[in-house]
Amino acid sequence: MKDILKYSNIKEELPKLPDVLLNTIQSDVLEIKRVNKECEKYIEACSKIPELKGAMYVVFSKYIDKENHQFEKFIFLGKDGDELFDVSGAEMELYGLLTCTNLNYTDEYRANAPI
């Protein structure tokens, strides 16, 4: 899977995404999801972290288990993929705060990965 690109339209949707994040997302090392701005958890989180209001996406590791969640870093992105801020897992949880993105899997990724 290392040589298979995950998303076909990520560069168009997130033109300001830093290369290091682009490469780790495309190689399936990190995951990207859209922030669900309509859920109760989002409203509560904004009262604690006001910068969250400008965030559209979050990048995180899908490989860190719940017991080690407090050691993780979440990188929040603007609508064009520009890096806004990061928060540690000790400061907040992402559970219940995420929704699907408008990114499309490549045919090669879809054929070789359990989606």
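Keep in mind the model is a prediction, meaning the values are calculated, not measured.

### Overview of the pattern of salt bridges
Part 1: One pass over the structure, following the stated rule, counts 7 salt bridges.
Part 2: Among the ionic pairs, Lys6 bridges to Glu31, the shortest N-O distance being 2.9 Å. Taken together, the residues span a long stretch of sequence, with Lys6 in the segment before helix 1 (10–13) and Glu31 in strand 1 (residues 31–35) at a distance of 25 residues.
Part 3: Overall, the relative accessible area of 1% leaves Lys6 in the buried class.

### A look at the packing of aromatic side chains
Part 1: Under the definition given, this model contains 3 aromatic pairs.
Part 2: Here Tyr7 and Tyr105 contribute two aromatic rings whose centre-to-centre distance is 5.4 Å and whose plane-to-plane angle is 15 degrees, an arrangement assigned as stacked. Placement of Tyr7 in the segment before helix 1 and of Tyr105 in the loop between strand 5 (98–99) and helix 4 (107–112) is noted, with a sequence separation of 98 residues between them.
Part 3: Judged by centre distance (5.2 Å) and plane angle (20 degrees), the ring pair of Tyr105 and Tyr109 falls under stacked.
Part 4: Overall, Tyr105 belongs to the partly exposed group, its relative accessible area being 24%.
Part 5: By relative accessible area, Tyr109 is classed as buried at 4%.
Part 6: Site record: aromatic cluster; members linked through ring pairs are Tyr7, Tyr105 and Tyr109.
Part 7: Above the face of the Tyr95 ring, Lys66 is positioned so that its terminal group lies 5.2 Å from the ring centre.

### A few points about helix 2 (residues 19–26)
Part 1: Taken residue by residue, helix 2 has Leu21, Leu22, Ile25 and Gln26 as its buried positions. Each buried residue of helix 2 sits inside an arc of 125 degrees when the element is viewed along its axis, so together they form one side. Relative to its buried face, helix 2 has exposed residues pointing more than 90 degrees away, namely Asp19 and Val20.
Part 2: Those residues of helix 2 that are buried lie in contact with helix 1, strand 1, strand 2 (57–60), strand 3 (73–77) and strand 4 (83–88).
Part 3: Note on helix 2: the residue one or two positions beyond its end, Asp28, has a positive phi of about 70 degrees.

Cut-offs used in this document
- Residues numbered from 1 in each chain as written.
- Predicted model: local features only at pLDDT ≥ 70, side-chain atom pairs only at ≥ 80, totals over all residues.
- Heavy atoms only, no water.
- Salt bridge = Lys/Arg side-chain N within 4 Å of Asp/Glu carboxyl O.
- Helix = DSSP H or I, 4+ residues; strand = E, 2+ residues; numbered from the N terminus.
- Buried < 20%, exposed > 50% of the residue type's maximum accessible area, 1.4 Å probe, protein only.
- Phe/Tyr/Trp six-rings, centres within 6.5 Å; stacked < 30°, edge-to-face > 60°.
- Lys NZ or Arg CZ within 6 Å of the ring centre and 35° of its normal.
- Arc of directions from axis to C-beta.
- Contact = heavy atoms within 4.5 Å.

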